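Commentary on secondary and tertiary structure
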Amino acid sequence: MEKQYSDDTFLARWISGELSPEELSEFKKSKDYKNFKRINEGAQNLSTPAYNKNTAFSNLQNGINKNKKVVKLIPNWAYSAVAILVVALGIFFFLNNRTTHFKTGIGEQLVVILPDNSKVNLNANSSIKFKEKDWSKNRELKFSGEAFFDVEKGSSFRVKSDQGNVEVLGTEFNVISRNTFFEVKCYEGKVKVSNSENNDLATLTLGKAFRVYDNKNENWTFIEKVPTWIQGESSFKDIPLKQVIKALEDQYKVKFDISLINLDRRFTGSFTHKNLKLALQTVFTTMDIIYSTSKNNTIILKDKK
């Protein structure tokens, strides 16, 4: 709000029609005028608090006698209208600056259409946040979990996470950002990958992938056209076993005891999202890991060797 409109009487004088022609003309040129005018029109339909005229007059007389000077009166209803206006204006600015938030639960997927018609497919236990009001000027969102982005061409599009950032003009890419793990796969166009300090890490084109794990950078290629998790199956290539277990926990409502296995091992393969028993067999049998369920329904993992 511009400074001149924050004085105690300006809005009251405007509402009661007491602004000078010069003040009114200048006010109408301001960027805030339309917002004030719209809120004021709505405020006129609201009731204002009642007040005791005799008490008000008595208080006014006492004030005049004490200060020995004459003051110009502004109708009490105008101050009431200003109070309504201030509250309404606060709500207006709150609603226009709020953050839009989408989050999926265990085993859930969600497609989110952004204001520019870009599309985000959220995998299980993932979230995005963005400011819709500023989207046309700043296509940026905060992200965690796993998601596939289909970005409309336009101004720069930026995905920020605690583990790293991805910036594009228009393309398709998949991102995983969890704890110390960060992975990006480019399915179309070109993407620039940077860390949380905005230091460039990689530039990816079609079929190129990049990950950071335990502060080590890894690059590889792939041939799939879309992420398999969208079709109900999570696939991995030479990925730390710990991340596979985390993906299982995201897709199924289960917990694992991992104290008896070597988490530094790598896994290449996939598991289904539709059958827990089959998913466990697919991952752990091939890695010579024995699994059993405890009394509290925790799945205990143990290396055979």
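In short, a report on the structure.

Rules behind the numbers
Residues numbered from 1 in each chain as written. Predicted model: local features only at pLDDT ≥ 70, side-chain atom pairs only at ≥ 80, totals over all residues. Heavy atoms only, no water. Salt bridge = Lys/Arg side-chain N within 4 Å of Asp/Glu carboxyl O. Helix = DSSP H or I, 4+ residues; strand = E, 2+ residues; numbered from the N terminus. Buried < 20%, exposed > 50% of the residue type's maximum accessible area, 1.4 Å probe, protein only. Contact = heavy atoms within 4.5 Å. Core = buried A, V, L, I, M, F, W, Y, C linked by side-chain atoms within 4.5 Å. Axes fitted to C-alpha atoms, helices over the stretch in contact; angles between N-to-C directions. Parallel < 35°, antiparallel > 145°, perpendicular 65-115°, else oblique. Pairing = 2+ DSSP bridges. Phe/Tyr/Trp six-rings, centres within 6.5 Å; stacked < 30°, edge-to-face > 60°.

Some words on the pattern of salt bridges
On inspection of all chains with the given rule, the structure shows 13 salt bridges. Of the charged contacts, one joins D250 and K246 as a salt bridge, the two residues approaching to 2.7 Å between their closest N and O atoms. Note that D250 and K246 are positioned in helix 6 (residues 241-251) at a spacing of four residues, about one turn of the helix. Relative accessible area serves as the criterion here: at 23%, K246 is assigned to the partly exposed category.

With respect to the side chain of N123
Note on placement: N123 falls in the loop between strand 3 (119-122) and strand 4 (127-130). Here N123 falls in the buried class, since its relative accessible area comes to 2%. Other than its neighbours up to four places away in sequence, N123 contacts T104, E108, Q109, E146, W229 and Q251.

Some remarks on the side chain of N195
With respect to the secondary-structure elements, N195 resides in the loop between strand 10 (190-194) and strand 11 (200-205). Overall, the relative accessible area of 17% leaves N195 in the buried class. Discounting residues that sit within four places of it in the chain, N195 has contacts with Q163, G164, N165 and L201.

Points about the nonpolar core
Core analysis: the largest hydrophobic core is formed by 27 residues, its most contacted members being L141 and F149. Broken down by element, this core gets its largest block of residues, four residues, from strand 5 (residues 139-150). Beyond its immediate stretch of four places on either side in the chain, L141 contacts L114, I128, K129, F130, W135, F149, F157, R158, V159 and K160. Residues I245, A247, L248 and F256 belong to the second largest nonpolar core, which totals 24 residues.

Remarks on the packing of helix 6 against helix 7 (residues 276-285)
In contact at an axis separation of 12 Å, helix 6 and helix 7 are set at 175 degrees when each is read in the N-to-C sense. In this view, helix 6 runs roughly antiparallel relative to helix 7, as classed from their interaxial angle. Residues L241, V244, I245 and L248 of helix 6 pack against A279, V283 and F284 of helix 7.

Regarding the sheet that holds strand 15 (residues 255-260)
Backbone-to-backbone hydrogen bonds pair the strands of a sheet. The strands run either parallel or antiparallel. Taken together, three strands build an open sheet; the order of strands is 15-18-17 and the sheet is mixed. The outermost strands of the open sheet, each flanked by one partner alone, are strand 15 and strand 17 (289-293). For this sheet the average axis-to-axis angle between neighbouring strands, irrespective of direction, equals 25 degrees. Note: strand 15 against strand 18 (residues 298-303), four bridges, orientation parallel. Among the inter-strand pairings, K255 is bridged to a residue of strand 18, identified as T298. Along the sheet, helix 6 contacts strand 15, strand 17 and strand 18; its crossing angle with strand 15, the most-contacted strand, is approximately 160 degrees.

Thoughts on the packing of aromatic side chains
Pairs of aromatic rings are described using the distance from one ring centre to the other and the angle between the two planes. Tallying each qualifying case throughout the model produces 13 aromatic pairs. With a centroid separation of 6.4 Å and an interplanar angle of 20 degrees, the aromatic rings of F102 and F130 are classed as stacked. Of this pair, F102 sits in strand 1 (residues 100-103) while F130 sits in strand 4, and the two are 28 residues apart along the sequence. On the basis of relative accessible area, F102 is assigned to the partly exposed category, the value being 29%.

Some words on the pairing of strand 5
Inspection of the sheet shows strand 3 paired to strand 5 by four bridges, in the antiparallel sense. Bridging across to strand 5, K119 finds its partner in D150. Sheet topology places strand 5 next to strand 6 (residues 157-160); four bridges connect them, and they run parallel. Looking at strand 6, one finds that L141 is bridged to V159. In terms of strand pairing, strand 5 meets strand 8 (residues 172-178) through six bridges, oriented antiparallel. In the strand pairing of strand 8, F148 is matched with N174.

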